[in-house]
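# Examining the three-dimensional arrangement
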Amino acid sequence: MIGLISATAAGAAARDRLAAAWPDRTRVYEGPVPDAVRAAFAQCEQLVCFLATGAVVRLVAPLLAGKESDPGVVCVDEGGRFAVSLVGGHGGGANDLAREVGEVLGAEPVVTTATDAVGLPGLDTLGFPVEGDVAAVSRALLDGEPVALRAELPWPLPPLRVTGHGPYTVRVTDRLVEPAAREAVLRPPSLVVGVGASRGAPVAEVLDVIEGALRDAGLSVRSVAELATVDAKAGEPGIVEAARRLGVPLVTYAAEELARVEVPHPSDAPLAAVGTPSVAEAAALLGGGELLVPKRKSRREDGRPAMATCAVVRRPGRGRLAVVGLGPGARDLLTPRAKAELRRASVLVGLDQYVDQIRDLLRPGTRVLESGLGAEEERARTAVAEARKGQAVALIGSGDAGVYAMASPALAEASDDIDVVGVPGVTAALAAGAILGAPLGHDHVSISLSDLHTPWEVIERRVRAAAEADLVVTFYNPRSRGRDWQLPKALAILAEHREPATPVGVVRNASRPDESSRVTTLAALDPATVDMMTVVTVGNTATREIAGRMVTPRGYRWQEGQATPKAQDTPKAQETQEAAR
């Protein structure tokens, strides 16, 4: 929960805007400000104070206990101009909160954490537990001193500006080791613990067998990613509470799935009880990996039969491929998720002109693999190959990566040995549509006129189908120096089914500084004025030009000049009905 505190009417107005935007995340604290700050500090994970930073410093100073436990605190000035990350930038999430507050209120986020200021990821922001001399190693990274990366198991990491050797070390391991001097140890979530338990098994017994198995195997409990068990034990209190205390999710599988897993120690007891000869080993092994600790039973001091079992598997670190859509070109149309993936990647793969658009967003040390036009398949293969090496890779494309862009060739190359994440972007059709007005207000289709990968016969068949179906059509790749006849041919096909006065929107370089747009007609459009940077949108038989804008009605009968609509036929009523469905 985020506590919100203000002292003046101006602060309260901004506070209420934030509360309205995040009704489920925030709680407003009223009353005297010192009392409100103390209460929120004790009860909330984060605070946003609409007060001067000096006032907040004096109020929270007596309450600070440590960066591991203090909530994140953000200050917003009376004018709503700045959102300052004051306390708990990393551990309390104040840096990210300042950015979020800035987006909602239109304020400039102010982040002074050293690593954030220079674009380096903090070791405590990678999503892994970190131990050892974190401050000294972080300072060495900031100062550009040699820092060695000692990865005992491969794991996708963002660029850390590390080298092969140096007096400081970042060590990536799930083993139970004490950090050496000048060493920071990252604990990747590499371990899966399978758990079985009799009905009513005490949580202490479940935890004891898990922690004992890890300790005896020399493994860190901080690298446990999840507990796994059979569906029948999904509500077993001892297992559920053990997962909660360890701070990891509880994953369950059907007995039929577990029964198909080959295990070294099957047993008749679980087969009779829950329908599978193995619970602990099978649940741990189901996702693949190396069995480090075979099935182990709990020990009871009273000599009674064990009530819990566990097994431990190390799953290999998987490379990560994020296929990122950059949108049509304007920086403010690049989504926050896309920005986050660009900063997470240790390797960036993309067309050189797209790389230039976002180069300033990359963290120092990001390896950039760029190439020119016409190398889409090569870029896809390169990105997948880098991910298979265990890297965190971002493969970029314009618009939405899944629309005539890099997602298709990349996924055609990728197998299930890497994690693939799709990051949507604003497509050229949507960007052009917003500029033109509302040409896509009803059913529409996008068709690429490039026959480099698709035979013209197929393209022509699709254009005819769209024409006969009276769909609004957006043409991608409409015309180039070597392809100057396809657009006239496509327009002629549409003209067989549409009036010469049908509105046509032409947008070039949508959202970019040299953007241009116009609305013309099917008869008046000169294909020679169109190039590869242009999107052409042809309306259907209902599309109209209204006040210079291209508008396609949503298809309500009353908009076609028929009888006055009944209440249930109005756009608002139909929207409500659609939402209900």
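Notes on the structure follow.

About the cut-offs
- Residues numbered from 1 in each chain as written.
- Predicted model: local features only at pLDDT ≥ 70, side-chain atom pairs only at ≥ 80, totals over all residues.
- Heavy atoms only, no water.
- Buried < 20%, exposed > 50% of the residue type's maximum accessible area, 1.4 Å probe, protein only.
- Helix = DSSP H or I, 4+ residues; strand = E, 2+ residues; numbered from the N terminus.
- Contact = heavy atoms within 4.5 Å.
- Salt bridge = Lys/Arg side-chain N within 4 Å of Asp/Glu carboxyl O.
- Pairing = 2+ DSSP bridges.
- Axes fitted to C-alpha atoms, helices over the stretch in contact; angles between N-to-C directions.

Turning to helix α6 (residues 134-143), a few remarks are in order. For α6, the complete set of buried residues consists of Val 134, Ala 136, Val 137, Ser 138, Ala 140 and Leu 141. Looking at the buried residues of α6, the elements they touch are β7 (130-132), β8 (147-151), β9 (168-172) and β10 (183-186). Phi turns positive one or two residues past the end of α6, at Gly 144, with a value near 75°.

Time to look at the pattern of salt bridges. What the rule picks out here adds up to 30 salt bridges. Glu 30 is the partner of Arg 15 in a salt bridge, and the nearest nitrogen-oxygen pair spans 3.8 Å. Of the two residues, Arg 15 is situated in helix α1 (residues 9-21) and Glu 30 in the loop between β2 (26-28) and α2 (33-43); the sequence distance between them amounts to 15 residues. Across the pair Arg 388 and Asp 417 runs a salt bridge whose closest N-O atoms are separated by 3.2 Å.

Bringing the sheet that holds strand β5 (residues 82-87) into the picture now. Taken in spatial order, the six strands of this open sheet run β2-β1-β3-β4-β5-β6, and their pairing is mixed. The open sheet has two edge strands, β2 and β6 (108-110), and neither has a second partner. Strand-to-strand twist across the sheet, computed as the mean angle between neighbouring axes with direction ignored, equals 25°. As judged from the four bridges shared by strand β4 (residues 72-76) and β5, these two strands associate in the antiparallel manner.

Glancing now at the environment of Glu 457. Locating Glu 457 in the fold gives a position in helix α17 (residues 456-468). Glu 457 gets classed as exposed once you look at its relative accessible area, which sits at 56%.

Looking now at unusual backbone geometry. For Ser 511, which is not a glycine, the phi torsion comes out positive at approximately 75°. Its location among the elements puts Ser 511 in the loop between β24 (503-508) and β25 (516-521). The phi dihedral of Ala 547 is positive, around 55°, even though this residue is not glycine. Take Ala 547: it is sitting in the loop between β27 (544-546) and β28 (549-551). The exposure class assigned to Ala 547 is exposed, which follows from its relative accessible area of 69%.

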